[in-house]
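# Coordinate analysis (summary)
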Amino acid sequence: CQRLRAWAWTERRRGRSGVRDFKRQLQAFLHDPARGVMGDCYRTALACVLGVDRDLVPHTHADLTGQEHLDETGAWLHSQGLRRIVIPVHATTLEEVATIHTRSDGLPLIVTGCGPRHTNHVVVVYGPHDIWCPILGEVAPEVALLGPARPTDYFWAEWIVKKPGNIKIAAPAQTDEPELPL
């Protein structure tokens, strides 16, 4: 099983899986508020799913509340023509949360929960068995997040999507099938 996962990882890195390989990278700052350093796992996760260098995503070492951080990041996402969809997930393990990925049509999932250092942490789910931790790299779900985020007791699942309104929808192709009466 471990050899199979290693092979699958190599194939994904070579672009042979059929799914675009997003830019997996590690965070620059570990969370250490006593020294005035705020971790950048969230901005690194954003950079991973957007496929850009981590340093292109803004980060602050200010001691912000969760809402202030969401507002600041949301403003930057809006300026890029992006939005986020965030849902609370009532689960006990990241492995349970990762099953949501099967319904996301290949979009990576950003998940917030309680990390190995017993503070909230963010990871990227590329598939039910493909977890990327901005601190550790590719890890097993039970290593990436120990449980739900604090103090909410929920995991937070998040997708980054394009802002609606600029999408051009093509007319459906004509078929020889008759229309069904309503």
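Up top is the structure these notes are about.
From a predicted model like this one, the values you see are computed outputs, not experimental measurements. (Residues numbered from 1 in each chain as written. Predicted model: local features only at pLDDT ≥ 70, side-chain atom pairs only at ≥ 80, totals over all residues. Heavy atoms only, no water.)

### Points about the environment of glutamate 158
- Looking at where glutamate 158 falls in the secondary structure, it is placed in strand β6 (residues 155–162).
- Given a relative accessible area of 4%, glutamate 158 falls into the buried group.
- Sequence spacing of glutamate 158 and arginine 84 is 74 residues, and the spatial spacing of their C-alpha atoms is 6.5 Å. (Helix = DSSP H or I, 4+ residues; strand = E, 2+ residues; numbered from the N terminus. Buried < 20%, exposed > 50% of the residue type's maximum accessible area, 1.4 Å probe, protein only.)

### Notes on the pattern of salt bridges
- If you walk through the whole model with that rule in mind, you get six salt bridges.
- Aspartate 53 is the salt-bridge partner of lysine 23, the closest N and O atoms lying 2.7 Å from each other. On the criterion of sequence distance, the pair formed by lysine 23 in the loop between α1 (2–13) and α2 (41–50) and aspartate 53 in the loop between α2 and α3 (66–79) is long-range, its members being 30 residues apart.
- With relative accessibility at 40%, the residue aspartate 53 sits in the partly exposed group.
- Here aspartate 130 ties to arginine 24 by a salt bridge, and the two come within 2.9 Å at their closest N and O atoms. In this pair, aspartate 130 is assigned in strand β4 (residues 130–133) and arginine 24 in the loop between α1 and α2, connecting sequence segments 106 residues apart.
- Given a relative accessible area of 6%, aspartate 130 falls into the buried group. (Salt bridge = Lys/Arg side-chain N within 4 Å of Asp/Glu carboxyl O.)

### Let's talk about the side chain of serine 104
- Mapped onto the elements of the fold, serine 104 is located in the loop between α4 (94–98) and β2 (109–114).
- In this structure serine 104 comes out as buried when scored by relative accessible area, which is 7%.
- From its side chain, serine 104 meets the backbone oxygen of histidine 101 in a polar contact 2.9 Å long. (Polar contact = N/O pair within 3.5 Å; in protein donor to acceptor, adjacent residues only side chain to side chain.)

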